[in-house]
Amino acid sequence: MFTAAFPDERSERAWLEFQRVVSMMEVPKKLGVEPELREIPLDDMVSAILETRKAIYGLRRKKVKVAITGGMRALGIAVLAAVLLTEWEQEPEVEVYLEGRGVALSVPNLRKLIEVSGKCKDIIEAMRGGSPVKLEELATRLGRDRSTVYRRLKLLLEAGAVKRTRYGYQLTPLGLALVGF
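Help me understand the packing of helix α5 (residues 110–119) against helix α8 (residues 146–159), please; the structure alone is not making it clear to me.
The relative placement of two packed helices comes down to the angle between their axes together with the axis-to-axis distance. Put simply, α5 and α8 touch, their axes get as near as 9 Å, and they point 155° apart. Taken together, the axis directions place α5 and α8 in an arrangement best described as roughly antiparallel. Of the two possible hands of crossing, α5 and α8 adopt the one that is left-handed. Between α5, through Lys112, Leu113, Val116 and Lys119, and α8, the contact on the second element is made entirely by Arg152, Leu155, Leu156, Glu158 and Ala159. When the residues that make up the contact of α5 with α8 are grouped by side-chain class, the tally is five nonpolar, no polar and four charged.

The structure is reproduced here in structure tokens:
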């Protein structure tokens, strides 16, 4: 668990509650996992990201789920940035919890999305209208081989930026977010 490196009563309560919940779970006991508190200095964002990245580096070969919760926005951003800057064997699931609502929002795989959007910018732009487009039509618009366009569409599908419909390929709301205004 990460907390800011300055005294905060809410953080202390959250740490105690976290320990209580983990102590009730069977999995940590079986795996010999002990909760650990890491205090991250928030004097400047780069240092906070680096400290957080150092703390999670040893987990990069494990299956990890990241839950960003609480009111410390700077710490949440530092955690997310550290996750994005770490090379994982298996990309972690990231969720952001809405305070007081008991609801978690799943964060898309941003690393993959950013990587793919750079490689596939022309395809994303050609699909910007939002209507489904057939593979052949897209290849013609772009002046590319169908096989090249298909490989790029497959990457966009995996990143969640495109979906396949019975009428062709279409940008998802996440894909539409990548389209310039």
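I would appreciate a short explanation of the side chain of Thr3 in the present structure.
Topologically, Thr3 is positioned in strand β1 (residues 2–4). Taking the relative accessible area as the measure of exposure, Thr3 reaches 6% and is therefore buried. Within the structure, the side chain of Thr3 is placed 3.0 Å from the side chain of Ser11, a separation counted as a polar contact. Thr3 has contacts with Ser11, Leu37, Arg38, Glu39, Ile40 and Leu75, leaving out every residue within four places of it along the chain.

In this structure, what is going on with helix α7 (residues 135–142)? I would like to understand it.
Residue pairs three or four apart in sequence face the same way in an α-helix, which turns once every 3.6 residues. Restricting attention to buried positions, one finds in α7 the residues Leu135, Leu138 and Ala139. Each buried residue of α7 sits inside an arc of 100° when the element is viewed along its axis, so together they form one side. In this fold, the buried residues of α7 make contact with α6 (121–126), α8 and β7 (168–171). Looking at the residues trailing α7, positive phi occurs at Gly143, about 65°.

Rules used in this analysis
Counting from 1, residues in each chain are numbered in the order their sequence is written. Restriction of local features to residues with pLDDT of at least 70 applies here, the model being predicted, together with a cutoff of 80 or more for giving and counting side-chain atom pairs; totals for whole chains, interfaces and linings are based on all residues. The basis for the side-chain values is all heavy atoms of the structure; hydrogens and waters are excluded. Axis definition: a line fit to C-alpha positions, over the contact stretch in the case of helices; interaxial angles, taken between N-to-C directions, run 0 to 180 degrees. Note on conventions: DSSP H or I runs of at least 4 residues are helices, E runs of at least 2 residues are strands, and numbering of each starts at the N terminus. Working definition: roughly parallel below 35 degrees, roughly antiparallel above 145 degrees, roughly perpendicular at 65 to 115 degrees, and oblique for all remaining angles. Take the far helix as your reference; a near helix turned counterclockwise from it by less than a right angle gives a left-handed crossing, and one turned clockwise gives a right-handed crossing. Contacts were defined at the residue level, with two residues in contact if any of their heavy atoms lie within 4.5 Å. Note that Gly is not counted as nonpolar here; it falls among the polar residues with everything else outside the nonpolar set of Ala, Val, Leu, Ile, Met, Phe, Trp, Tyr, Cys and Pro and the charged set of Asp, Glu, Lys and Arg. For every residue, the accessible area (1.4 Å probe, protein chains only) is compared with the maximum for its type, and the residue is labelled buried under 20%, exposed over 50%, or partly exposed between those bounds. Each polar contact in these results corresponds to two N or O atoms within 3.5 Å; when the atoms are within protein, one needs to be able to donate a hydrogen and the other to accept it, and residues that are neighboring in sequence are counted only if both atoms are side-chain atoms. The reported arc concerns the directions from the helix axis to the C-beta atoms and nothing else.

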